[in-house]
Amino acid sequence: MPRPISAIISIPALRHNLAVVIETLRENYASVDREPPFVWAVIKANAYGHGIEAGVAAFAQADGLAMLDFSEAIRCRELGWTKPIMLLEGLFDPDDIATACQYNLTVVVHSFNQIEMLKAATITQALEVMVKMNTGMNRLGFSPADFSMAFQQIQDLVNEGVVASAGAMTHFARADDDFLVTKTQLELFNRVVPDAVQRVSVCNSAASLRAEVLPYLPVATDQWVRPGICLYGSSPFSTRSAAHLGLRPAQSLQAEIISIQHVEAGEGIGYGHAYEASTPLRVGIVACGYADGYPRHAPSGTPISVEGVETRLLGRVSMDMLMVDLTPIPHAKEGSIAVLWGQNGPSVDTVAHCAGTLGYELLCAVAPRVPRVILNNDEDEAKHER
Ligand SMILES: *Cc1c(COP(=O)(O)O)cnc(C)c1O
């Protein structure tokens, strides 16, 4: 028997979340008389821990997929994805150019080093390129002062047949909170990027879902947004929950209770006796620990659902186990299922908040040793609910 733990991945939930994003974009862009943007569904980091296969299956309505690993891009093509694929960090090595040509991949160019790789390359097929500007994130991209020269060098490569066409992109540092920073980034982008550029991409999840960006979007005809986290049912905002945004959890981490202990008042629970019982408690031992991807920093009191009832984590999370308070759930027994996050449990964002991190980290950190169960359709979901 494998350990009784699994990560349930819902394809219908992923599909639903993409539909919510597309509908929000359609309404928002219509309100300012613009065509809705094209959508790159971001599936980096193994589709935020949900699996590349699940992403390709669920995001058929997206216009493209975006990620950073060439191996993941190749996997998408092997799975039959024919629409655009964008590599968000572009080339790591000159050898990547042959892969990009063979699999028709769009590459981000963010450094002069990458331009040198393209200049030196023998190309079998002209590449689509997105030239990235650093407008204030201060991570990847050409400075505003360098951008024009970099873009001109890419234009020269268009004339030489190495690059098929060049678009422009940037990334926001604070689209989830301070709008003024995003506005400043957009104004800088619009000042520096030539109006003649047809393809631009600026918005992550937070900016895709915020109507405030609309008046400041570049004029280019082909707008591409890049939502990631919201597609997986986690909110990009600390002040608005995923449920409030109409999103469904796409990943549920659950494990069985494998033992039950009765603890008297005054006794400690687990390593360091980090939790001390003040009354008698019935404690369930759950087959999930930090080596499965549950955050070790989650404190006592972090919500966990058992038999559909919300209860709480007790004591320190161990490598392979954690303890849950079953006192309010007398019918819970060995074999009962504890939902650590997801469908019928606390949201991943709530657990992340308790542990001082973000839903992003928890979703993509579920360990490879945890078996994935894929719910492909509504029937699978209904069967799983029973
Ligand atoms: C990860 C990433 C995204 C998606 O961000 P979310 O916050 O998950 O929507 C978009 N663009 C770039 C460049 C990224 O690295």
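Nothing here was measured: the structure is a model prediction, and the numbers come from that model.

*Asks:* Help me understand unusual backbone geometry, please; the structure alone is not making it clear to me.
*Replies:* Look at His273: it is not a glycine, yet its phi comes out positive at around 45°. Here His273 is to be found in the loop between β11 (268-269) and β12 (275-276). Within the chain, Glu307 stands out as a residue other than glycine whose phi angle is a positive 50°. Topologically, Glu307 is positioned in the loop between β14 (303-306) and β15 (309-314). Owing to a relative accessible area of 35%, Glu307 belongs among the partly exposed residues under this scheme.

*Asks:* Which parts of the structure should I look at to understand the state of the cysteines?
*Replies:* Note on terminology: disulfide describes a covalent bond linking the sulfur atoms of two cysteines. The full count for this structure, using the stated rule, is zero disulfides. Cys203 forms no disulfide, and the closest cysteine sulfur to it belongs to Cys230, at a distance of 11 Å. What makes Cys203 buried here is its relative accessible area of 1%. Not engaged in a disulfide, the cysteine Cys288 finds its nearest cysteine sulfur in Cys354; these two sulfurs lie 15 Å apart.

*Asks:* Help me understand the layout of surface pockets in this model?
*Replies:* Empty space among the atoms becomes apparent when a probe as large as a water molecule is rolled across them. Volume-wise, the largest pocket comes out at about 930 Å³. Lining the largest pocket are 41 residues, with Asp176, Ile229, Pro236, Leu358 and Tyr360 sitting closest to its centre. Mapped by element, the contributors of at least two residues to the lining of the largest pocket are α2 (44-48), α9 (205-208), α10 (348-354) and α11 (359-364). The element that contributes the greatest number of residues to the lining of the largest pocket is α10, accounting for four residues. By residue class, the composition of the lining of the largest pocket is 19 nonpolar, 13 polar and nine charged. Roughly 400 Å³ of internal volume is contained in the second largest pocket.

*Asks:* Honestly, the site of the ligand in this entry has me stumped. Any pointers?
*Replies:* Inspection of the region around the ligand gives 14 residues, with Lys44, Tyr48, Ser205, Ile229 and Tyr360 positioned closest. Within the side chain of Arg226, a nitrogen or oxygen atom sits 2.9 Å from a nitrogen atom of the ligand. A distance of 2.8 Å separates an oxygen atom of the ligand from a polar backbone atom of Ile229. Surface burial for the ligand is 93%, taken as the share of its 390 Å² of free accessible area covered by protein chains. Of all the cavities here, the one that holds the ligand is the largest pocket. In the shell around the ligand, the residues fall into six nonpolar, four polar and four charged.

*Asks:* What am I meant to see in the pattern of salt bridges here?
*Replies:* On inspection of all chains with the given rule, the structure shows 13 salt bridges. Here Glu53 and Arg75 are joined by a salt bridge, their closest N and O atoms 2.8 Å apart. Residue Glu53 is located in helix α3 (residues 52-58), and its partner Arg75 is located in helix α4 (residues 70-78); the two are separated by 22 residues in the primary sequence. Relative accessible area serves as the criterion here: at 39%, Glu53 is assigned to the partly exposed category. Taking the relative accessible area as the measure of exposure, Arg75 reaches 32% and is therefore partly exposed. One salt bridge connects Glu78 with Arg75, and the closest N-O pair in it is separated by 3.5 Å. Note that Glu78 and Arg75 are positioned in helix α4 at a spacing of three residues, about one turn of the helix. Here the salt bridges do not stand alone but share partners, grouping Arg3, Asp292, Asp320 and Arg369 into one network.

*Asks:* How should I be thinking about the packing of aromatic side chains in this particular structure?
*Replies:* Think of a pair of aromatic rings as described by two things: how far the centres are apart, and how the planes are tilted against each other in angle. Tallied over the full model, the rule gives 10 aromatic pairs. Here Trp40 and Trp224 contribute two aromatic rings whose centre-to-centre distance is 4.4 Å and whose plane-to-plane angle is 35°, an arrangement assigned as tilted. Of this pair, Trp40 sits in strand β2 (residues 38-42) while Trp224 sits in strand β9 (residues 222-225), and the two are 184 residues apart along the sequence. Here Trp40 matches Trp224 in class, with each residue buried.

*Asks:* So what exactly am I meant to see when it comes to the nonpolar core here?
*Replies:* Soluble globular proteins: nonpolar side chains tend toward being buried together. Residues Phe59, Ile154, Tyr294 and Trp341 are the most contacted members of the largest nonpolar core, which totals 120 residues. Here this core gets eight residues from one element, more than from any other, and that element is helix α1 (residues 11-31). Tyr294 has contacts with Cys288, Gly289, Thr302, Ile304, Leu313, Val317, Leu322, Leu340, Trp341 and Val351, leaving out every residue within four places of it along the chain. Counting nine residues, the second-largest nonpolar core is a separate cluster that includes Ala277, Leu281, Leu314 and Met323.

What counts, and at which threshold
What you see as residue numbers is a count from 1 along each chain, following the sequence as written. Under the rules for a predicted model, residues below a pLDDT of 70 receive no local features and side-chain atom pairs below 80 are neither given nor counted, while totals for whole chains, interfaces and linings still include all residues. Side-chain calculation: all heavy atoms of the structure are included, whereas hydrogens and water are not. Helical segments are the DSSP runs of H or I of at least four residues, strand segments are the runs of E of at least two, and each set is numbered from the N terminus. Buried, partly exposed and exposed residues are distinguished by accessible area as a fraction of the type maximum, computed with a 1.4 Å probe on protein chains only: under 20%, between the cut-offs, and over 50%, respectively. Disulfide: a pair of cysteine sulfur atoms within 2.5 Å of each other. Put plainly, a pocket is an open set of points on a 1 Å grid over the protein atoms alone with protein on both sides within 12 Å along at least five of seven lines, a cavity is a set where a 1.4 Å probe fits but cannot get out, and a lining residue has an atom within 4 Å of a point. Grid points are joined across faces, edges and corners, and a volume is the space filled by probe spheres set on the points. We call Asp, Glu, Lys and Arg charged. Ala, Val, Leu, Ile, Met, Phe, Trp, Tyr, Cys and Pro are nonpolar, and the rest, Gly among them, are polar. Note on terminology: near, applied to a residue and a molecule or strand, indicates that one of the residue's heavy atoms is within 4 Å of it. A 3.5 Å cut-off defines polar contacts: any pair of N or O atoms within that distance qualifies, except that in protein one atom must be a possible hydrogen donor and the other a possible acceptor, and neighbouring residues in sequence count only when both atoms are side-chain atoms. The protein chains shown are the only cover counted for residues, whose accessible areas, like all others here, come from Shrake-Rupley with a 1.4 Å probe. Cavities and pockets are treated as containing a molecule whenever more than half of the molecule's atoms lie within 2 Å of their grid points. We define a salt bridge as a contact between a side-chain nitrogen of Lys or Arg and a carboxyl oxygen of Asp or Glu at a distance within 4 Å. Two aromatic rings, drawn from Phe, Tyr or Trp (for Trp, its six-membered ring), form a pair once their centres lie within 6.5 Å of each other, and the interplanar angle then sorts them: stacked below 30 degrees, edge-to-face above 60, tilted otherwise. In this text, buried Ala, Val, Leu, Ile, Met, Phe, Trp, Tyr and Cys residues form a nonpolar core when linked through side-chain atoms within 4.5 Å. We call two residues contacting when some pair of their heavy atoms lies within 4.5 Å.

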